[in-house]
Amino acid sequence: MIALFDSGLGGLSVMREVRSRLPQHDLLYFADTACCPYGLKSVSFVQQRSLQIGQFLSDYGARLLVVACNTASSAALEVLRAELAIPIVGMEPGLKPAVAATRSGYIGVLATSGTLAGERFARLVERFACQQTVITQPCPGLVEQVERGAIDAPRTDALLKQYIDPLLAQGVDTLVLGCTHYPFLREPIVHMVGPNITIIDTGPAVARHVVHMVSEHRITPGNSTTHYLTTGSADDVMSTAQRLLREAIVVRTTIVT
Ligand code: DGL
């Protein structure tokens, strides 16, 4: 079984990419809704929490762990790899594809404060984008809108406008969605920025890496099952997740300590 986790439902944007490439594998999606959002919490909190969840999912029978969260990857990838015995796939904002796509040389990165302040992100900019201008934009409030399923709400539009307009005014032609919640806002974002701005989502690249790891670690297909766990209210999470995924699912509540 392949387990994916996020602070909430954002990682479903990664899970749907994994599912489309590995239709026969068993997947377990874990939403840490009780602690969502991670973006404004301390690095040590997100590290500790990721470790607890990683251990829980490993004990649950995961053969591969996907950290479907940029914030948790930034804070905890090293410690997860050091402490857990199973292979781990993490993620980071898609700066490399953004550098390949930009014509103006101005790249906007939308992500959580935690991801943007992290050392991993600084190293990423240094490695791939030292000749471009990278403008970062933390987006408080957007994760909460996605968690409510409020994709096309006026408040979501207002937040998007507040965060994206200044980037466009500075000449950005490529926007990196550096948080797994944001791909669910792709439609309103495209509507706002028009067709000439390239939008980068790393979900498909992460899913391709998962496929590679599955074959490298000889993880055999299962029965195409998908299970969903949350540390929050199963009913609330189920109703939003169904809206985001556009399919009927069952969510169960669990406790991780
Ligand atoms: N979806 C996560 C990310 O990719 C976490 C967002 C949050 O909980 O603040 O960063």
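In this text the structure is predicted, and so the values were computed from the model without any measurement.

Colleague: Quick question: what am I supposed to make of the sheet that holds strand E4 (residues 88–89) here?
Modeller: Strand order in the open sheet formed by six strands is E4-E3-E1-E2-E9-E10, with parallel pairing between adjacent strands. Looking at strand neighbours, the two that pair on one side only are E4 and strand E10 (251–253), the edges of this open sheet. Bridge analysis of strand E9 (residues 226–230) against E10 gives three bridges, and the strand direction is parallel. Of the residues in E10, the one forming a bridge with Leu229 is Arg252. Sheet contacts for helix H1 (residues 12–21): strand E1 (2–6), strand E2 (27–31), strand E3 (64–67) and E9; angle to E2, the most-contacted strand, approximately 175 degrees.

Colleague: When you look at the packing of helix H8 (residues 154–169) against helix H9 (residues 186–193) in this model, what are you seeing that I'm missing?
Modeller: Geometrically, a packed helix pair is captured by the angle between its two axes and the distance between the axes. It is the contact of H8 with H9, at a shortest axis distance of 11 Å, that shows an interaxial angle of 50 degrees. In terms of axis orientation, H8 runs oblique to H9. Of the two elements, H8 crosses H9, and the hand of that crossing is right-handed. On the side of H8, the interface is formed by Asp157, Leu160, Lys161, Ile164 and Leu168, while H9 contributes Pro188, Ile189, Met192 and Val193. The residue inventory of the contact of H8 with H9, partitioned by class, reads seven nonpolar, no polar and two charged.

Colleague: Explain the packing of helix H2 (residues 43–59) against helix H3 (residues 70–83) to me, please; I cannot follow it from the model alone.
Modeller: At a minimum axis distance of 8 Å, the contact between H2 and H3 shows a crossing angle of 50 degrees. On the basis of their axis angle, the class for H2 and H3 is oblique. The handedness of the crossing between H2 and H3 is right-handed. For the pair H2 and H3, contact is made by Val43, Val46, Gln47, Ser50, Leu51 and Gly54 and by Thr71, Ala72, Ala75, Ala76, Val79, Leu80 and Glu83, respectively. Counted by class, the contact of H2 with H3 contains eight nonpolar, four polar and one charged residues.

Colleague: What am I meant to see in the packing of aromatic side chains here?
Modeller: The geometry of two aromatic rings is summed up by the distance between their centres and the angle between their planes. Tallied over the entire structure, the rule returns three aromatic pairs. On the basis of an interplanar angle of 40 degrees and a centroid distance of 5.5 Å, the ring pair of Phe56 and Tyr60 is categorised as tilted. One aromatic cluster in this structure is built from Phe30, Phe56 and Tyr60.

Colleague: Just checking my understanding: could you explain the site of the ligand for this structure?
Modeller: The full set close to the ligand counts 13 residues, and Ser7, Tyr38, Gly39, Thr71 and His181 are the nearest of them. Tyr38 places a polar main-chain atom, nitrogen or oxygen, 2.6 Å from an oxygen atom of the ligand. Here an oxygen atom of the ligand sits 2.5 Å away from a polar atom, N or O, in the side chain of Thr71. Across the complex, the protein chains shield 99% of the 290 Å² of accessible surface that the ligand would expose by itself.

Colleague: I would appreciate a short explanation of the nonpolar core in the present structure.
Modeller: In globular proteins that are soluble, nonpolar side chains generally tend to be buried together. Judged by nonpolar contacts, the single largest core of 54 residues is most densely connected at Leu12, Val66, Leu175, Ile189 and Val210. If near-sequence neighbours (up to four positions away) are discounted, Val66 is found in contact with Ile2, Ala3, Leu4, Phe5, Val14, Val89, Val206 and Val210. Within the second largest apolar cluster, 24 residues are counted, among which are Phe30, Ala76, Leu77 and Leu80.

Colleague: What exactly am I supposed to notice about the pairing of strand E5 (residues 106–111) here?
Modeller: Two faces make up the sheet, and in a regular strand the side chains alternate between them. Most of E5 is tucked away: five of the six residues are buried. Across six bridges, E5 lies against strand E6 (residues 133–138) in parallel orientation. Within E6, the position partnered with Tyr106 by the bridge is Thr133. Where E5 lies against strand E7 (residues 174–177), four bridges are found, and the strand directions are parallel. Following the sheet pairing, Ile107 is matched in E7 by Thr174.

So, how was this worked out
- Residues numbered from 1 in each chain as written.
- Predicted model: local features only at pLDDT ≥ 70, side-chain atom pairs only at ≥ 80, totals over all residues.
- Heavy atoms only, no water.
- Pairing = 2+ DSSP bridges.
- Helix = DSSP H or I, 4+ residues; strand = E, 2+ residues; numbered from the N terminus.
- Contact = heavy atoms within 4.5 Å.
- Axes fitted to C-alpha atoms, helices over the stretch in contact; angles between N-to-C directions.
- Parallel < 35°, antiparallel > 145°, perpendicular 65-115°, else oblique.
- Left-handed = near helix turned anticlockwise from the far one by under 90°.
- Nonpolar A, V, L, I, M, F, W, Y, C, P; charged D, E, K, R; others polar.
- Phe/Tyr/Trp six-rings, centres within 6.5 Å; stacked < 30°, edge-to-face > 60°.
- Near = heavy atom within 4 Å.
- Polar contact = N/O pair within 3.5 Å; in protein donor to acceptor, adjacent residues only side chain to side chain.
- Areas by Shrake-Rupley, 256 points an atom, 1.4 Å probe, with all protein chains shown as cover.
- Core = buried A, V, L, I, M, F, W, Y, C linked by side-chain atoms within 4.5 Å.
- Buried < 20%, exposed > 50% of the residue type's maximum accessible area, 1.4 Å probe, protein only.

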